[in-house]
Amino acid sequence: MELECKVQTYDWGKRGINSTVATLMKFSNLDFTLDVEKPYAELWMGTHPNGPSYVKRLNISLEEYIKENSEVLGENVEQMFGQHLPFLFKVLSVNKALSIQAHPNKEKARELHQQYPGIYKDANHKPELAIALTPFEALCGFRPIKEIQEFLKALPELRATIGEEKVEKFIVTAKDDGADPKHDEDNSLKTCFHSLMTCDPSLVAFQLRKLLDRLTNLDESTRKSLHADLLERLYRDYPGDVGCFGIYFFNFIMMQPGEAIYLGPNEPHAYLSGDCIECMACSDNVVRAGLTPKLKDVPTLVDMLTYICEPVSAKRFEPCREDEYTEVFRPPVPDFAVAKITIPAGKPSYNIIPRSTASILIIISGKGEIGPSKTVLYRGTVTFIPADEEIHMTVLCGCHPMIMFQAFVNV
């Protein structure tokens, strides 16, 4: 069943035809009018009340359809999640950095929802998976302790913002001995990060400006080692924001198309640029602390983070291959998994692997037809597939590979 899905036009999105979200909508929806000035940030596929999908031929919401036909979810889904689709599937087109943020675990989500229901509007956790469609930049998790210490030694402006005494304690006491690069038993990293995030905004702005002025006079090699270009770009979009200093605490990762990261509860991150597929538990709980004009909940974020320090290589999330054309990203949560299906040019047809749960499928490139009705799926077409449904795909105009992503419940 083809779905009509919600586009979110957040300010950080790519504008007009530069947005993958916009081009997918343009190809699949004749009624869609593309505005070259509008930021097309996210395409939501699922049942979340902030952007519900609708079943086109029935003109009812997907949530309503599932409640009336709960067997489409699959028996295991109903037993674990009730009559609900437990994931939210998205396409993102990022032009400028999203906020430095983390998502609470279930226990913390329930607590926040109970205390601040106007801010944290549901009681669910929000682990998420991002798979790059284009070169994609992100900050993800705390850097190894030694890397953070080296930046603190090289940046007097950052030390002045945090406080020399706190920095000195972290440099002296936090160990990165190779055997356990996560070791920081006295929480000196948490103390430094808390001091940075709660620093007086006027001092933050002054030290950022001082650092940027100094970077302009450094040689290219030193500028590169201090991520000068990235700092300057973030500062242009968020001048004076303490989140600009986050690049010296968090891993910077550049993903190529098809590469992925998984973000579990309490993991700090920020998407910086590019287009990606994203899947998450069905929640919109976000705790923010920088690179945003939105509400910052610094005490909650600082308290909930894991402070696990790992190299960027540990952040890449690898798929497992199911057959010649399908690989699956299975995070350690039951809420969702995502299959990437690539049918090469010259392959006339393919039987999509049946899933024991309901799923949502989006066509990213290529064109094909399915079923006895020979329904044509274009680039951008989004379909809901009931549990155990067998889908035979015939590839049309096979000069380019057909690329699809399928989200399903990981049970």
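Since we're looking at a predicted model, the values are computed, not measured. (Residues numbered from 1 in each chain as written. Predicted model: local features only at pLDDT ≥ 70, side-chain atom pairs only at ≥ 80, totals over all residues. Heavy atoms only, no water.)

## Comments concerning the overall build of the protein chain
Step number 1: Summing up its helical and strand segments, the protein chain has 12 helices and 25 strands in all.
Step number 2: If you line up the protein chain on its principal axes, its C-alpha atoms span 70 × 45 × 40 Å.
Step number 3: Split into buried and exposed, the 411 residues of the protein chain put 57% on the buried side.
Step number 4: Across the protein chain, contacts joining residues at least 24 apart in sequence account for 76% of those joining residues at least 6 apart.
Step number 5: When the accessible surface of the protein chain is split by element, carbon and sulfur atoms take 50% of a total near 17500 Å².
Step number 6: Considering the protein chain, the positive charge centre built from 44 side chains and the negative charge centre built from 56 side chains are found 4 Å apart. (Helix = DSSP H or I, 4+ residues; strand = E, 2+ residues; numbered from the N terminus. Buried < 20%, exposed > 50% of the residue type's maximum accessible area, 1.4 Å probe, protein only. Contact = heavy atoms within 4.5 Å. Areas by Shrake-Rupley, 256 points an atom, 1.4 Å probe, with all protein chains shown as cover. Lys, Arg positive; Asp, Glu negative; His and termini not counted. Charge placed at Lys NZ, Arg CZ, Asp CG, Glu CD.)

## Topic: helix 11 (residues 228-237)
Step number 1: For helix 11, the set of buried residues is Ala228, Leu230, Leu231, Glu232, Leu234 and Tyr235.
Step number 2: Close packing links the buried residues of helix 11 with helix 9 (201-215), helix 10 (220-225), strand 12 (250-255) and strand 14 (269-281).

## So, the state of the cysteines
Step number 1: Counted under the stated rule, the structure contains 0 disulfides.
Step number 2: Cysteine 244 takes part in no disulfide bond, and the closest cysteine sulfur, belonging to cysteine 199, lies 13 Å away.
Step number 3: Looking at cysteine 244, the relative accessible area reads 0%, which means it is buried.
Step number 4: There is no disulfide at cysteine 320, and the cysteine sulfur nearest it, in cysteine 279, is 15 Å away.
Step number 5: Taking the relative accessible area as the measure of exposure, cysteine 320 reaches 39% and is therefore partly exposed. (Disulfide = S-S within 2.5 Å.)

## Details of the pairing of strand 25 (residues 402-408)
Step number 1: Across the 7 residues that make up strand 25, a large majority, 6, are buried.
Step number 2: With 7 bridges joining them, strand 18 (residues 337-343) and strand 25 adopt antiparallel strand pairing. In the strand pairing of strand 25, isoleucine 343 is matched with methionine 402.
Step number 3: Pairing of strand 20 (residues 359-365) with strand 25, which is carried by 6 bridges, proceeds in the antiparallel orientation. Considered in strand 25, the bridge of isoleucine 363 is made with methionine 404. (Pairing = 2+ DSSP bridges.)

## So, the environment of proline 265
Step number 1: Locating proline 265 in the fold gives a position in the loop between strand 13 (260-263) and strand 14.
Step number 2: Proline 265 gets classed as partly exposed once you look at its relative accessible area, which sits at 32%.
Step number 3: With 109 residues separating them in the primary sequence, proline 265 and proline 156 have C-alpha atoms 32 Å apart.
Step number 4: What proline 265 contacts, discounting residues up to four positions off in sequence, is His103, Pro104, Asn105 and Thr306.

## Comments concerning helix 9
Step number 1: Along its 15 residues, helix 9 runs 21 Å from first to last C-alpha, staying within 8% of the 21 Å computed at 1.5 Å per residue.
Step number 2: Residues Val204, Gln207, Leu208, Leu211, Leu212 and Leu215 constitute the buried set of helix 9. With its buried residues spanning 135° around the axis, helix 9 presents them on a single face. (Expected span 1.5 Å × (residues − 1). Arc of directions from axis to C-beta.)

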